Amino acid sequence: MPTTDLDIVNAACAMLAVEPLQSLDDELPGGKAVQLLYRPVVDFCLTLAPWSFARRTRQCSRLASETSALGFAFVHQLPSDRIGLPDRLIVEYGDRTGRTLQAFDYDDNGRVHSDAEIVWAQYTARVAPNLWHPAFVTAVIHAVAAAFAEPLTGNSGLQEALHAKAFGTPSESWRGGVMRAALQADSRATPARTLPAWSNPLRNAWGGGQ
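(A) Inspection of the overall build of the protein chain at higher detail. Scanning the protein chain from terminus to terminus reveals six helices and eight strands. Helices and strands appear in the protein chain in the N-to-C order α-α-β-β-β-β-β-β-β-β-α-α-α-α. Residue burial in the protein chain is summarised as follows: out of 210 residues, 40% are buried. Nonlocal contacts in the protein chain, meaning residues at least 24 apart in sequence, comprise 64% of its contacts between residues at least 6 apart. Accessible area of the protein chain: about 11500 Å², with a carbon and sulfur share of 52%.

(B) Main features of the side chain of His76. Tracing the backbone through its elements, the reader meets His76 in strand β3 (residues 74–77). In this structure the side chain of His76 is engaged in a polar contact, spanning 2.9 Å, whose partner is the backbone oxygen of Glu117. Excluding residues within four positions of it along the chain, His76 makes contact with Cys60, Ser61, Arg62, Arg111, Val112, Ala116, Glu117, Ile118 and Val119.

(C) Structural context of the pattern of salt bridges. Scanning all chains against the criterion turns up seven salt bridges. Between Asp5 and Arg39 there is a salt bridge, with the nearest N and O atoms lying 3.3 Å from each other. One end of the pair, Asp5, is in helix α1 (residues 5–15); the other, Arg39, is in helix α2 (residues 34–46), with 34 residues separating them in the sequence. Glu117 is the salt-bridge partner of Arg62, the closest N and O atoms lying 3.6 Å from each other. Of this pair, Arg62 sits in strand β2 (residues 61–62) while Glu117 sits in the loop between β7 (111–114) and β8 (119–124); the two residues are 55 residues apart in sequence, bridging distant segments of the chain.

(D) Spotlight on the packing of α1 against helix α3 (residues 134–153). Interaxial distance between α1 and α3 falls to 8 Å at its minimum, and their mutual angle equals 60°. Taken as a pair, α1 and α3 cross one another with a handedness that is right-handed. Within the contact between the two elements, α1 uses Ile8, Val9, Ala11, Ala12, Cys13 and Met15 and α3 uses Val137, Val140, Ile141, His142, Val144, Ala145, Phe148 and Leu152. Taken together, the residues of the contact of α1 with α3 sort by class into 13 nonpolar, one polar and no charged.

(E) Representation of helix α5 (residues 177–188) in the model. Between its first and last C-alpha, α5 extends 18 Å over twelve residues, near the 16 Å set by a 1.5 Å rise per residue. All of the buried residues in α5 are Val178, Met179, Ala182, Ala185 and Asp186. For α5, the angular spread of buried residues about the axis comes to 125°, placing them on one side. In this structure, the buried residues of α5 make contact with α2, α3 and α4 (156–167).

(F) Region of interest: the packing of aromatic side chains. In this structure the tally under the stated criterion is eight aromatic pairs. Seen in terms of ring centroids, Phe44 and Phe167 are 6.0 Å apart; in terms of plane orientation they differ by 75°. Their pairing is edge-to-face. In this pair, Phe44 is assigned in helix α2 and Phe167 in helix α4, connecting sequence segments 123 residues apart. Its relative accessible area of 30% is what places Phe44 among the partly exposed residues.

Cut-offs used in this document
- Residues numbered from 1 in each chain as written.
- Predicted model: local features only at pLDDT ≥ 70, side-chain atom pairs only at ≥ 80, totals over all residues.
- Heavy atoms only, no water.
- Helix = DSSP H or I, 4+ residues; strand = E, 2+ residues; numbered from the N terminus.
- Buried < 20%, exposed > 50% of the residue type's maximum accessible area, 1.4 Å probe, protein only.
- Contact = heavy atoms within 4.5 Å.
- Areas by Shrake-Rupley, 256 points an atom, 1.4 Å probe, with all protein chains shown as cover.
- Polar contact = N/O pair within 3.5 Å; in protein donor to acceptor, adjacent residues only side chain to side chain.
- Salt bridge = Lys/Arg side-chain N within 4 Å of Asp/Glu carboxyl O.
- Axes fitted to C-alpha atoms, helices over the stretch in contact; angles between N-to-C directions.
- Left-handed = near helix turned anticlockwise from the far one by under 90°.
- Nonpolar A, V, L, I, M, F, W, Y, C, P; charged D, E, K, R; others polar.
- Expected span 1.5 Å × (residues − 1).
- Arc of directions from axis to C-beta.
- Phe/Tyr/Trp six-rings, centres within 6.5 Å; stacked < 30°, edge-to-face > 60°.

Here is the structure:
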């Protein structure tokens with residue numbers, strides 16, 4: 001199974017019946033670097049779902065020397081391996097973690113401002129291919145092949161066909177085709193999680209979550 005970014009790229013090249021590339025710094029016809037097409041495709045695929053292999057929960061680093069310019073008490077640095085903003089921010093109360101942070105704001109430097117001294121982030125991380133589910137590997141290879149098809153072969157029809165095979169039809173919102181199989185396979189590897197009683201907002205409103 002492909003275990004590096006270059007392995008994924010060359011698996012896509014093999015699907016297109018073109019010569020393998022030597023590096024992610026190679027240029028495709030038209031002067032575009034491989035990396036300029038490859039990385040956005042992978043990041044997009046990683047953000048299509050809360051993949052079990054890419055989901056991370058990490059404590060954010062509090063910047064003790066920083067004073068919030070947004071009116072909050074604390075400033076925390078978000079994890080550097082995230083793709084986009086976190087799905088959820090969590091505060092820790094004593095020995096209980098999992099309460100969603102409600103009042104906060106982000107600044108332009110990837111930092112979160114809030115009144116919580118301890119903040120955890122749940123997010124999708126940019127993880128290496130050796131950590132991907134095998135079904136996701138296959139889906140990404142098809143997606144990368146679709147992105148490379150026209151630059152490497154000049155065949156726009158092939159690009160459309162590979163894109164449809166990777167993601168299905170527009171009505172499937174990018175979650176059809178091979179990607180659907182990856183989603184289903186990953187869901188079987190993800191245990192169901194129940195909502196803790198103390199984090200239920202309706203229960204808490206009646207004082208039952210304290």
